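Descriptive analysis of the structure
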Amino acid sequence: MQKGKQSLCFTEAPFIISTANIVGKKEGEGPLAGHFDVIGEDDKFGQNTWEEAESTLQKEAFTMAVGRAGLKKEDIRYLFAGDLLGQTMATSFGVLDFQVPLFGLYGACSTCGESLSLGAMCVAAGYADHVVTMTSSHFASAEKQFRFPLEYGNQRPLSATWTVTGSGGVILERAVGNNAAFSGKVCIKGITTGKIVDYGVKDSFNMGASMAPACADMIYANFKDLGADSGYYDKIFTGDLGYIGQRILIDLLNEKGINISGIHSDCGMIIFDQNTQDTHAGGSGCGCAAATLCSYILKRMEEGEFKRVLFAPTGALMSTVSYNEGMSIPGIAHGVVLERID
């Protein structure tokens, strides 16, 4: 069912029946260490290059998620996946051997929200019984592409976020008949698709400032479309804003008469410890929101701590070409309404 100008509410909400996550060594030293499925001891994950390592993240996440669901790769109708690298090469090489029909996606760090949204639409419409939605990022491959190779040893300003080395995969299943079989599970009740918002930020070391306006715009649309207020959600998790972006987001929404300060958390602030890890403004990257969702958020929902959550990964839509040509960094955010079935 269409809601407002940007949202959908599903009559038959797709259920999350399985998840998997894998992260790097630094992420495994952070606050969520006990929640991750796999923590790599070597950030190359046994491969020769950073890019091959990131492909391995997706390969492992897919395999774990499908296995936990008691399915085979042949049971997966579609795969919705993407990453940060040019032409989504981490995804292409990572899932090549599975031979599952693929929709390759790019939404920058919001790709997790985009893949969940499109996967949920596909399942809810009856086009598939099972789909996998997945994404990844890798600190070294992202730095190499968007900023400077690690060997350069450049100074990172305090506004910079740390690209998470990690991947998260989710299996969505079509609900047929009585939802009682899914008691205690989490479904995707609805989505709000974000718009591109550009406030003219040009600093590639301040991703929070470039993405926060788009996130505020999407959350405002979600509240308006669904007739919600800050009491509607138990929690709002943004994906990659970090400490600086969080302050901007809260200020922008306060200007619109929405106060989320009491229910907001950011995956980039949760996954690292700002006091003990040199990640400056927090975490970012496709893997930040995906790994945090699959390791922490969904588990807390299944345990009954949260009933309804707005999951809102955010992305900075830039490339090395656009940045070097002096263009600004537009942002986008995609909202996914998660609800626990009792």
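What comes next concerns the included structure. (Residues numbered from 1 in each chain as written. Predicted model: local features only at pLDDT ≥ 70, side-chain atom pairs only at ≥ 80, totals over all residues. Heavy atoms only, no water.)

Every other side chain in a regular strand lies on the same face of the sheet, so the side chains alternate between the two faces. By the criterion of burial, strand 9 (residues 166-173) is predominantly enclosed, with seven of the eight residues buried. Pairing analysis gives eight bridges linking strand 3 (residues 15-23) to strand 9, with the strands arranged antiparallel. Bridge pairing in strand 9 links Ile 16 to Leu 172. Strand direction decides the pairing type here: strand 7 (residues 130-137) and strand 9, joined by eight bridges, are antiparallel. Paired with Thr 133 across the bridge in strand 9 is Val 170. (Buried < 20%, exposed > 50% of the residue type's maximum accessible area, 1.4 Å probe, protein only. Helix = DSSP H or I, 4+ residues; strand = E, 2+ residues; numbered from the N terminus. Pairing = 2+ DSSP bridges.)

Once that is clear, we can look at the side chain of Asp 240. Note on placement: Asp 240 falls in the loop between strand 11 (235-238) and helix 6 (242-255). We classify Asp 240 as buried; its relative accessible area is 0%. A polar side-chain atom of Asp 240 sits 3.2 Å from the main-chain amide nitrogen of Thr 314. (Polar contact = N/O pair within 3.5 Å; in protein donor to acceptor, adjacent residues only side chain to side chain.)

Moving on to the nonpolar core. By size, the foremost hydrophobic cluster in this structure holds 70 residues, and its most contacted members are Phe 62, Ile 188, Leu 293, Ile 297, Phe 311 and Leu 338. It is helix 8 (residues 286-302) that provides the largest number of residues to this core, a total of 10 residues. With residues up to four places along the chain from it excluded, the contact list for Ile 297 reads Phe 237, Cys 267, Thr 292, Val 309 and Phe 311. One finds Ala 228, Tyr 233, Leu 241 and Ile 329 within the second-largest nonpolar core, a separate group that totals 32 residues. (Core = buried A, V, L, I, M, F, W, Y, C linked by side-chain atoms within 4.5 Å. Contact = heavy atoms within 4.5 Å.)

Our next topic: a positive patch on the surface. Among the surface-exposed residues, Lys 5, Lys 195, Lys 224 and Lys 256 lie close enough to one another that they form a single positively charged patch. Position of Lys 224 among the secondary structure elements: in helix 5 (residues 207-226). (Patch = residues over 30% accessible without salt bridge, like charges linked within 9 Å, V, L, I, M, F, W, Y side chains within 5 Å. Areas by Shrake-Rupley, 256 points an atom, 1.4 Å probe, with all protein chains shown as cover. Salt bridge = Lys/Arg side-chain N within 4 Å of Asp/Glu carboxyl O. Lys, Arg positive; Asp, Glu negative; His and termini not counted. Charge placed at Lys NZ, Arg CZ, Asp CG, Glu CD.)

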